[in-house]
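Chain by chain, the residues:
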Amino acid sequence: MRVLGIETSCDDTGIAIYDDRLGLMINLLHNQFDLHSKYGGIVPELAARSHMKKTVPLIERALMQSGCDVKSISAIAYTAGPGLMGSLLIGASISHALSFSWNIPIIPVNHMEGHLLSPMLEEKKIEFPFIALLVSGGHTQLIEAFKIGSYKLLGESLDDSVGDAFDKTAKLLGLSYPGGPSLSKMAKYGTPGRFKFPRPMIKSSDLNFSFSGLKTYTSNLINKQEKDFQTRADIAYEFESAVIDILVIKCKRALKKTGLNRIVVAGGVSANDSLREKIKLMAICCKSQVFYVRPELCTDNGAMIAYVGMLRFKERKPSKLNIFVSPNWLLSDLKSIK
Ligand code: KG4
Ligand code: ZN
């Protein structure tokens, strides 16, 4: 079985082909950094227009470079939500058109389930149940995963997502978009201990997060300080450390509360090497296993969509004219696979 995965939920056009015997055959990405960087954030209308231009040529390139004949594709999996309505609709429309003309079934995939299961692209033996920390540009969630499609939300951010906090803080520090990787790079030059940052909600016994206060604190600090490189690097270091401490503390609490000893960390922010390292250390202390996917598959990609499409192949539908997208599709609304 061979699935073509199409990801267009936000600002990355991701196309991949996953084969149940051969694994990931190809994974191509067109990011829109240049398009949005001058605005310091994603402009939804521009994102949708770019998906419209790039998706079909990228599919053609994926088929050519992988040497796959169209006739060997068993189904098309596309991201149906959550995400930006315009961007989702482009991927969904192209997927439906192809499924109709190639006469193969179509599978709508939840983007967050894509992230959650992405470590299985490389590590097939992640046993359920486990805890998942999902950290992306739109979400910060702790999930208890019982089996594929059966997920319970344990806690989430009450305001900004952690990726958004990284991006906005990076912008205040004068760094390029997307801010997370640039801030993390700058933090490597920071001197620990020059500034003291708060760690919101670490004392509350629940598993929720809050990052907007930390963002305001950082903004006020930046306004009061000199703008030289070292000062900005010191602020970046302390901001990153505060965010990572909060995430690590809440993961540890989630493991303790549920009694589980496996944790998956996924989503764009899980590419952050300091976060990966600190969660690894925490997991060793808690006698737990931690699973990541390699950094380039942490951010949005077609591989995770093709993979989940393959797992959900049984739910495939013949292509119809009514297109399903759901910009706020919740993980807890998914059906589990029998
Ligand atoms: O999962 P993702 O690609 O898109 C969404 O589903 O939202 O996540 C994108 C987010 C952005 O906020 C980006 O700044 C952040 O992931 N990010 C990082 C790093 N790489 C990407 N944040 C911190 N450190 C990184 N190395
Ligand atoms: Zn994502």
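Definitions and limits used
Here, residues in each chain are numbered from 1, in the same order as that chain's written sequence. To read the labels, note that chains go from A and ligands from 1, taken in the order they are written. Local features are withheld for residues below a pLDDT of 70 in this predicted model, meaning they are given only at 70 or higher, and side-chain atom pairs are given and counted only at 80 or more; totals for whole chains, interfaces and linings count all residues. Based on all heavy atoms of the structure, the side-chain values leave hydrogens and waters out of the count. Here a Phe, Tyr or Trp ring, Trp counted by its six-membered ring, pairs with any other such ring whose centre lies within 6.5 Å, and the pair is stacked when the planes are under 30 degrees apart, edge-to-face when over 60, and tilted otherwise. A helix here means a DSSP run of H or I that spans at least four residues, while a strand means a run of E at least two residues long, and both kinds are numbered starting from the N terminus. A simple rule labels every residue: compare its accessible area, found with a 1.4 Å probe on the protein chains alone, to the largest value its type can have, and call it buried under 20%, exposed over 50%, or partly exposed in between. We call two strands paired when DSSP finds no fewer than two bridges between them. For crossovers, right-handed means that the path from the first strand over the helix to the second runs clockwise, given strands pointing away from the viewer. Residues form patches when they are more than 30% accessible in relative terms and have no salt bridge. Like charges link within 9 Å. Nonpolar side chains (Val, Leu, Ile, Met, Phe, Trp, Tyr) link within 5 Å. Shrake-Rupley sampling with a 1.4 Å probe provides the accessible areas, and residues are treated as covered by the protein chains on show and by no other component. Definition used for salt bridges: Asp or Glu carboxyl oxygen within 4 Å of a side-chain nitrogen of Lys or Arg. None of His or the chain ends enter the tally, which takes Lys and Arg as positive and Asp and Glu as negative. By convention, the charge on Lys lies at NZ, on Arg at CZ, on Asp at CG and on Glu at CD. Comment: axis = line fitted to C-alpha atoms, over the contacting stretch for helices; angle = value between 0 and 180 degrees taken between N-to-C directions. For Na, K and Ca the donor cut-off is 3.2 Å; for every other metal, N, O and S atoms count as donors within 2.8 Å. Water does not enter the count, which can leave sites looking incomplete. Defined by distance alone, a disulfide is two cysteine sulfur atoms within 2.5 Å. Under the rule applied, a polar contact is a pair of N or O atoms within 3.5 Å (in protein, one hydrogen donor and one hydrogen acceptor; residues adjacent in sequence only if both atoms are side-chain atoms). Should an angle lie under 35 degrees it is considered roughly parallel, over 145 roughly antiparallel, and from 65 to 115 roughly perpendicular; all remaining angles are considered oblique. In what follows, residue pairs with any heavy atoms lying within 4.5 Å of each other are defined as contacts. Ten residues, namely Ala, Val, Leu, Ile, Met, Phe, Trp, Tyr, Cys and Pro, are considered nonpolar, four, namely Asp, Glu, Lys and Arg, are considered charged, and the remaining ones, Gly among them, are considered polar. Throughout, the term near means that a residue has one or more heavy atoms lying within 4 Å of the molecule or strand in question. As defined here, a cavity is a set of points on a 1 Å grid over the protein atoms alone where a 1.4 Å probe fits but cannot get out. A pocket is an open set with protein on both sides within 12 Å along at least five of seven lines, and residues line them when an atom is within 4 Å of a point. For a molecule to be placed in a cavity or pocket, more than half of its atoms must lie within 2 Å of the grid points of that cavity or pocket.

Visitor: Got a minute to help me understand the packing of aromatic side chains in this structure?
Guide: What describes a pair of aromatic rings is the distance from one ring centre to the other and the angle between the planes of the rings. Under the criterion given, the structure shown has eight aromatic pairs. Relative to Y177, the ring of F33 lies with its centre 6.3 Å away and its plane at 85°, an arrangement referred to as edge-to-face. Here F33, found in helix α1 (residues 33-37), pairs with Y177, found in the loop between α5 (162-172) and α6 (179-187); they are 144 residues apart in sequence, far enough to count as distant. On the basis of relative accessible area, F33 is assigned to the partly exposed category, the value being 31%. Ring geometry for Y189 and F229: centres 5.6 Å apart, planes at 70°, overall edge-to-face. With Y189 in the loop between α6 and α7 (212-224) and F229 in helix α8 (residues 229-258), this pair connects stretches of sequence that are 40 residues apart.

Visitor: Quick question: what am I supposed to make of the pairing of strand β4 (residues 75-81) here?
Guide: Across a regular strand the side chains alternate sides, sitting on one face of the sheet and then on the other. Within β4, seven of the seven residues are buried, which leaves the element mostly enclosed by the surrounding structure. The sheet contact formed by strand β1 (residues 2-7) and β4 spans four bridges and is parallel. Residue pairing in the sheet places V3 in a bridge with A75 of β4. Across five bridges, β4 lies against strand β5 (residues 106-110) in parallel orientation. By the bridge assignment for β5, Y78 is matched with P108. Handedness of the crossover joining β4 and β5 through helix α3 (residues 85-102) is recorded here as right-handed.

Visitor: What am I meant to see in the pairing of strand β7 (residues 140-147) here?
Guide: Extensive coverage of β7 is indicated by the burial of six of its eight residues. Of the strand pairs in this sheet, strand β6 (residues 130-135) and β7 are connected by six bridges, and their pairing is antiparallel. Among the inter-strand pairings, V135 is bridged to a residue of β7, identified as T140. Here β6 folds back onto β7 in antiparallel fashion, the turn holding four residues. Bridge count between β7 and strand β8 (residues 150-156): six bridges; the pairing is antiparallel. Within the sheet, the bridge partner assigned to I143 lies in β8 and is L153. With antiparallel pairing between neighbouring strands as the criterion, β7 and β8 make up a hairpin whose turn holds two residues, including G149 at a positive phi of roughly 90°.

Visitor: I'm lost on a positive patch on the surface in this one. Help?
Guide: Taken together, the side chains of K147, K314, K317, K320, K335 and K338 present a region of like positive charge at the surface. Mapping K317 onto the fold places it in the segment after α10 (302-311). Classification of K317 as partly exposed rests on a relative accessible area of 46%.

Visitor: Can you help me understand the sheet that holds β5 in this one?
Guide: Paired through backbone hydrogen bonds, the strands of a sheet run either parallel or antiparallel to each other. Reading across from one edge, β3-β2-β1-β4-β5 is the order of the five strands in this open sheet, with mixed pairing throughout. Looking at which strands have only one partner, the edges of the open sheet turn out to be β3 (23-31) and β5. Neighbour-to-neighbour, the strand axes of the sheet open up by a mean angle of 20°, direction not taken into account. Pairing of strand β2 (residues 12-19) with β3, which is carried by eight bridges, proceeds in the antiparallel orientation.

Visitor: Before we go on, may I ask you to explain the coordination of the zinc ion (ligand 2) in this structure?
Guide: When four donors bind a metal tetrahedrally, each ideal donor-metal-donor angle is 109.5 degrees, and when six bind octahedrally, the ideal angles are 90 or 180 degrees. At the metal site, the zinc ion (ligand 2) is ligated by H111 (NE2), H115 (NE2) and D300 (OD), and these contacts range over 2.0 to 2.1 Å. All donors to the zinc ion (ligand 2) come from one chain, and their sequence spacing reads H-x3-H-x184-D. Taken together, the residues span a long stretch of sequence, with H115 in helix α4 (residues 111-117) and D300 in the loop between β10 (289-291) and α10 at a distance of 185 residues. The exposure classification of H115 matches that of D300, with both residues buried.

Visitor: Please explain the state of the cysteines as it appears in this structure.
Guide: Here is the idea: a disulfide is a covalent bond, and it sits between the sulfur atoms of two cysteines. One pass over the structure, following the stated rule, counts zero disulfides. Lacking any disulfide linkage, C285 is separated from the closest cysteine sulfur, that of C286, by 6.4 Å. Given the relative accessible area of 64%, C285 is considered exposed.

Visitor: Would you explain the side chain of S66 in this entry?
Guide: Its location among the elements puts S66 in helix α2 (residues 44-66). Separated by 3.3 Å, the side chain of S66 and the backbone nitrogen of C68 make a polar contact.

Visitor: I keep staring at the packing of α5 against α7 and nothing clicks. Help me out?
Guide: Angle between the axes and distance between the axes: these two values describe a pair of packed helices. Contact geometry of α5 with α7 gives a least axis separation of 10 Å together with a crossing angle of 10°. Comparing the axis directions of α5 and α7 gives the class roughly parallel. Residue-level contacts link D164, A165, K168, T169 and L172 of α5 to K215, T218, S219 and I222 of α7. In terms of residue class, the contact of α5 with α7 is built from three nonpolar, three polar and three charged.

Visitor: Where do I start with the site of ligand 1 in this structure?
Guide: The full set close to ligand 1 counts 17 residues, and G137, D167, G180, G268 and D300 are the nearest of them. Taking D167, its side chain carries an N or O atom lying 2.6 Å from an oxygen atom of ligand 1. Bound to the protein, ligand 1 loses 88% of the 550 Å² it would expose on its own. Applying the majority rule of atoms within 2 Å of the grid points places ligand 1 in the largest pocket. Counting only elements with at least two residues in the shell around ligand 1, the list comes to α4, α5 and α6. Per-element accounting of the shell around ligand 1 gives the leading share, three residues, to α5.

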